[in-house]
Protein chains: 2
Amino acid sequence: MKPGQASLRCADSGAAILSLTDQSMRLSRYFLPILKENPREAEIVSHRLMLRAGMIRQQGQGSFSWLPLGKRVLDKVCRIVREEQDRAGALEILMPTIQSAELWRESGRYDDYGKEMLRIKDRQDRDMLYGPTNEEMVTEIFRAYVKSYKDLPLNLYHIQWKFRDEVRPRFGVMRSREFLMKDAYSFDLDFEGAKAAYNRMFVSYLRTFTRMGLQAIPMRADTGPIGGDLSHEFIILADTGESQVYCHRDYLALDVPGADTDFSNDAAIGDIVKTWTTPYAATDEMHDEAAWEKVATSDRVSARGIEVGHIFHFGDKYSKPMGAKVTGPDGKDHFASGGSYGIGPTRLVAAIIEASHDDNGIIWPEAVAPFDIGLINMKAGDADCDRVCDELHAAFVAVGKDVLYDDTDQRPGGKFATADLIGLPWQVIVGPRGVAAGEVEIKNRRTGERETLPIVDMKKRFGFAG
Amino acid sequence: MKPGQASLRCADSGAAILSLTDQSMRLSRYFLPILKENPREAEIVSHRLMLRAGMIRQQGQGSFSWLPLGKRVLDKVCRIVREEQDRAGALEILMPTIQSAELWRESGRYDDYGKEMLRIKDRQDRDMLYGPTNEEMVTEIFRAYVKSYKDLPLNLYHIQWKFRDEVRPRFGVMRSREFLMKDAYSFDLDFEGAKAAYNRMFVSYLRTFTRMGLQAIPMRADTGPIGGDLSHEFIILADTGESQVYCHRDYLALDVPGADTDFSNDAAIGDIVKTWTTPYAATDEMHDEAAWEKVATSDRVSARGIEVGHIFHFGDKYSKPMGAKVTGPDGKDHFASGGSYGIGPTRLVAAIIEASHDDNGIIWPEAVAPFDIGLINMKAGDADCDRVCDELHAAFVAVGKDVLYDDTDQRPGGKFATADLIGLPWQVIVGPRGVAAGEVEIKNRRTGERETLPIVDMKKRFGFAG
């Protein structure tokens, strides 16, 4: 925790902008409260591993603090979400967590929502609430400024804390009361435009989850309290999933659209959606036994699933009661046709762990790993080990790798166990015997494969000259 | 708002990580709801300009949404805060907004805090609150994990929404009820360690505000409801400031520590603090007429000030009632000695505008400008103007500049007014006459200086080959 690493991290950055990737850390200065015992309250593996790896701390029922290691993963997840929202043409805003009850009375949802909504009174005794979602507020923003079809399409999103006062919060951040949500809201002149906006988010979601190392399958879904007539959930398959899902095996091999996808081409985006909605896929509540029977037995995948995203088209459900109108090319007023699109970044962190772990701990996909490399000094204090570690550390940082350098005086066994538990993709192990021979060891966390390499070659492996 | 810019922005990024600086935007696809009229409710210039420039929308009393332009500035402000916290050795976490009342009963502050605290009951009728600050919660995290002086020093910070139910919220985001705060909390074994931690934050704050183009002066301050015996406010001078402040003219010329500052050197950091606390400086409430009289009249600066940061040392005020102890090198238990350190990023955005604007609008310091360059196409639709703009736009993006490209069919007068209002540091103006002569015009927003340059030279000016 000593601030000395600052000189390493920021040596010549001046006032220049450091990206997240510049952030390497010495374990001796970090706050990584590893638990040796399995916490009794944790019913599922992600909750258990997040507590054990010092990623989160419970602060109340369904309420968690994100400790430094967890915060780093959450940031990486949010960054991918944000990049893919931007790529699909959505614009980022930030709405407050506390909302006025008046807005929700306009849409009629103030009374519809039950006890899950956290209702609050301020010092003037005005009714307020902690937003469980933002359709009303964003519709208020829209109607205040947008008057013409020429300003459409419009998709505004934010990543903000939500509160839902669940009867039984559980499974750690998988089902908490206070959670982070990315919610996007599209506005279009008519159904055709709204459908195109829906499709863009659909394709954006495919890319988002794939980049996090998840295989997500879109499934027709019930619309619930958001309302509307068209909705898909994005489900990842995991043994510990909360619900039963059914899909055609074809999904497991479908191509996910690349970074060169042209989101301005409605027809091309529509074709991708068609490809991804044609084979059978349904959650338990939407399951159709008759259609399922038509899928060849060998093609049926029946498994447990975790919802990681949910998209809705709801047309004028909010624009009509709230009077959100635009003038069309016909000179007449039209209620905007809308949709909303949710992803829960806090829940996603747990879902990624559910999908990627083993008996020893978490196995992070590279794109969301809190650090790329765990550099393990087997004999901290040994001049040669320290020197080689310092050199490697500096070299990794120079090529933009995030490094967690275990420079503590813990015993090797403990260091290996911690490294496996926190699940960084690569371990680079520096010990006195290896150093004497000019060698270090690398371990791939996912495969468990270990390799002993001359230091020069190891450097090449990670993209810098020897 | 059409998503076509995605192909420009993300053409070859693959799954690579886009930084904020890659984000350029076409105005025709952006959401920038400029107001032509001065909003009547705005009493101060920053509030007026933020509303007019489409940066924020009021959602309730003391509650604001951040629209895309505002969100970009807020992000840049937060990034600088974060980088300087990290540089000084603080570690980022993220605590929830809703807290249990129990914690606050432990410290005794649940009853001390008046109506400014937003008190909430959940569905099980438990007392909760929307955190106005986090001393209690972070002390709970600390006592759960940290047992030995060997794990010190420790400084944990987060950037999270706070709520304070002010009697009279006003001045836009300058004094709102829901606001963003960076709050850091240091833990040390004894006063000496705590003082060193305090000094690191002191110096970190000097760097933070300077990087945002602000001149902030540290002044001895009252500790208020946080408690403790040592406290400084960081005040920027602005005619519209909320309070009267007094300081020695020397402050205006003091050197701000550079990026190479060694935060691990307690003595050197202490010397910087000494330099910055020796000349007279005080807010109205701490003003000492006798000391002031001793300052030469010509050295007296008496002005209006805006508080942009506040740091506190409070020793064992929280660790003692909450039982946050560590074992010292003497084998005995010691209550941790603590401090807390606040910066309000939402308020800072307004403070920057108060300090930097003219009659035509905002003048952003480069480090926090929502875009670096406003590229103005005087005749969108003209093949030559469009071609030159597209070339310049691509070239700017290639060298990492954020560009807002005004490709709309608005008249030039309106485009210039918008560009001045939103205050981007540079305007690059492309018109048919200039293009015919192979020239474009650039305008420096701060100085108002205009220059006509051959396109080739203009490109060189912004750091790329002609």
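You'll find the structure just up there.
These remarks concern the structure in this document. A quick note: this is a predicted structure, and the numbers were derived from the prediction, not measured. (Residues numbered from 1 in each chain as written. Chains lettered and ligands numbered in written order. Predicted model: local features only at pLDDT ≥ 70, side-chain atom pairs only at ≥ 80, totals over all residues. Heavy atoms only, no water.)

Section: the sheet that holds strand E6 (residues 118-121) of chain B
Residue and element names in this part refer to chain B. How we decide: Pairs of strands are assigned from DSSP output, requiring at least two bridges between the strands. Every helix listed is a DSSP run of H or I at least four residues long, and every strand listed is a run of E at least two residues long, numbered separately from the N terminus. For helices, the axis comes from a line fit to the C-alpha atoms of the stretch in contact; other axes are also lines fit to C-alpha atoms, and the angle between any two N-to-C directions lies between 0 and 180 degrees.
Across the sheet, three strands lie side by side as E5-E7-E6; this open sheet has antiparallel pairing. Looking at strand neighbours, the two that pair on one side only are strand E5 (98-100) and E6, the edges of this open sheet. The mean inter-strand angle of the sheet, taken between neighbouring strand axes irrespective of direction, is 40 degrees. One ladder, built from three bridges, connects E5 with strand E7 (residues 127-130); its direction is antiparallel. Opposite Ile 98, over in E7, you have Tyr 130 as the bridge partner.

Notes on the interface of chain B and chain A
Cut-off, in case you're wondering: Contacts between residues were defined by any pair of non-hydrogen atoms, one from each residue, lying within 4.5 Å. Definition used for salt bridges: Asp or Glu carboxyl oxygen within 4 Å of a side-chain nitrogen of Lys or Arg. Any pair of N or O atoms that falls within 3.5 Å is considered a polar contact. Within protein, one atom must be able to donate a hydrogen and the other to accept it, and sequence-neighbouring residues count only if both atoms are side-chain atoms. Side-chain classes follow a simple rule in which Ala, Val, Leu, Ile, Met, Phe, Trp, Tyr, Cys and Pro form the nonpolar group, Asp, Glu, Lys and Arg form the charged group, and the remainder, Gly included, forms the polar group.
Between chain B and chain A, the residue contacts involve 84 residues of the former and 84 residues of the latter. Across the chain B-chain A interface, the total number found is six salt bridges. With its nearest N and O atoms 3.0 Å apart, the salt bridge here joins B:Glu92 to A:Lys71. Linking chain B with chain A are 24 residue pairs in polar contact (both at pLDDT 80 or more). Among the elements that take part in the side of chain B that touches chain A, helix H3 (residues 68-87) of chain B stands out by supplying eight residues, more than any other. Classifying every residue of the side of chain B that touches chain A gives 43 nonpolar, 14 polar and 27 charged.

As for helix H12 (residues 383-398) of chain A
All names here are of chain A. Note the threshold: By definition here, a helix of n residues has an expected span of 1.5 Å times n minus one. Only protein chains enter the area calculation, which uses a 1.4 Å probe; residues under 20% of their type maximum are buried, those over 50% are exposed, and those in between are partly exposed.
For H12, which comprises 16 residues, the first-to-last C-alpha distance of 22 Å matches the rise-based estimate of 22 Å (1.5 Å per residue) to within 8%. Those residues of H12 that fall on the buried side of the exposure criterion are Cys 385, Val 388, Cys 389, Leu 392, His 393, Ala 395, Phe 396 and Val 397. The first or second residue beyond H12 is Gly 400, which carries a positive phi of 85 degrees.

Some remarks on the pairing of strand E10 (residues 216-220) of chain A
If a strand is regular, its side chains alternate between the two faces of the sheet. Residue and element names in this part refer to chain A. For E10, the buried fraction is high: four of the five residues fall into the buried class. Across five bridges, E10 lies against strand E11 (residues 230-237) in antiparallel orientation. Residue pairing across strands places Pro 218 opposite Phe 234, the latter belonging to E11.

Concerning unusual backbone geometry
In the segment running from A:Leu152 into A:Pro153, the intervening peptide bond is cis, with an omega of 0 degrees. With respect to the helices and strands, the residue A:Pro153 is situated in the loop between helix H6 (135-145) and strand E8 (154-163). Positive phi values are uncommon outside glycine, yet B:Asp125 reaches one of about 65 degrees. The topology assignment puts B:Asp125 in the loop between E6 and E7. You will see that B:Phe171, though not glycine, has its phi angle at about 60 degrees, which is positive. Along the chain, B:Phe171 falls in the loop between strand E8 (154-163) and strand E9 (178-188). Residue classification places B:Phe171 among the buried residues on the basis of a relative accessible area of 18%.

Quick look at the nonpolar core
The test is simple: Side-chain atoms within 4.5 Å link the members of a nonpolar core, which is a set of buried Ala, Val, Leu, Ile, Met, Phe, Trp, Tyr and Cys residues.
Core analysis: the largest hydrophobic core is formed by 232 residues, its most contacted members being A:Met55, A:Trp364, B:Met55 and B:Trp364. Residues contacting A:Met55, with those up to four places away along its chain left out, are A:Met50, A:Ser65, A:Trp66, A:Leu67, A:Leu69, A:Gly70, A:Val73, A:Val349, A:Ile353, A:Ile362 and A:Trp364.

The quantities given are spatial measurements derived from coordinates; they are silent on function.
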